[in-house]
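Read off the chains here:
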Amino acid sequence: MSFVITGLAVEEFRPLFGLSDADLAARGIIRQTATAPVGFPCRITLQDAKAGETLLLLNYEHQPADSPYRSRHAIFVNESATETCRAVDEIPGCLAVRPYIALRAYDAAGMMTAAEISSGADLPPVIDRMLADPQVAYLHAHNAGRGCFAARIDRA
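Residues numbered from 1 in each chain as written. Predicted model: local features only at pLDDT ≥ 70, side-chain atom pairs only at ≥ 80, totals over all residues. Heavy atoms only, no water.

Participant: Any details on the environment of Glu83? Residues and values, ideally.
Facilitator: Within the fold, Glu83 resides in the loop between β4 (71-78) and β5 (86-88). The spacing of Glu83 and Ala105 is 22 residues in sequence and 26 Å in space, taken between C-alpha atoms. Dropping the residues within four chain positions of it, Glu83 is found in contact with Val10, Ile44 and Thr45. (Helix = DSSP H or I, 4+ residues; strand = E, 2+ residues; numbered from the N terminus. Contact = heavy atoms within 4.5 Å.)

If you want it as structure tokens, here you go:
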């Protein structure tokens, strides 16, 4: 089955890029500098930031469905992001390198119907299997360790 993994819309975050630390703090956002090649995954580009790049750490509602599974969590967005990732039938870099990704399947009402854990490199068959269920409307990928939302996955 063909699938598409999408990052968050850059337009949603662009007004925050370049704000002063004080202006960010007033919004509950912290600017951080990447210190390693892995560990600072941008939810827009779906790539890990390079050492020295700045990211915004903020709380984001990734599951706005009016259900018991409504959810928000901390995410990073890279201040140099210019385009939202849309990866068709491929696993973007920040997912592929993770040892464990939790996939959560949701129906059209935002109710979780299934969940599985896989290595990032081994996600395609798990995605295919989960999306083969006609009850599943979409998937969310989460970094299993910290539980952070990573990306949304839909049928292409």
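Right, picking up where we left off after that structure.
Participant: Go over the environment of Val136, please, and point to the residues and values.
Facilitator: Positionally, Val136 belongs in the loop between α4 (123-131) and β8 (138-143). Its relative accessible area of 2% is what places Val136 among the buried residues. For the pair Val136 and Glu12, spaced 124 residues apart in sequence, the C-alpha separation works out to 26 Å. Excluding residues that lie within four positions of it along the chain, Val136 makes contacts with Ala105, Tyr106, Thr113, Met130, Leu131 and Arg155. (Buried < 20%, exposed > 50% of the residue type's maximum accessible area, 1.4 Å probe, protein only.)

Participant: Residues and numbers for the sheet that holds strand β6 (residues 101-106), please.
Facilitator: The strand order across the open sheet built from six strands is β5-β1-β9-β8-β6-β7, with neighbouring strands paired in antiparallel fashion. Lying at the two open borders of the sheet, with one neighbouring strand each, are β5 and β7 (112-118). Averaged over all pairs of adjacent strands, the angle between their axes in this sheet comes to 25°, without regard to strand direction. Taken together, the three bridges between strand β1 (residues 3-6) and β5 define a ladder with antiparallel strand orientation. (Pairing = 2+ DSSP bridges. Axes fitted to C-alpha atoms, helices over the stretch in contact; angles between N-to-C directions.)

Participant: Can you explain unusual backbone geometry? Please cite residues and give values.
Facilitator: For Leu46, which is not a glycine, the phi torsion comes out positive at approximately 55°. In this fold, Leu46 is placed in the loop between β2 (30-33) and β3 (54-63). Residue Leu46 is classed as buried on the basis of its relative accessible area of 0%.

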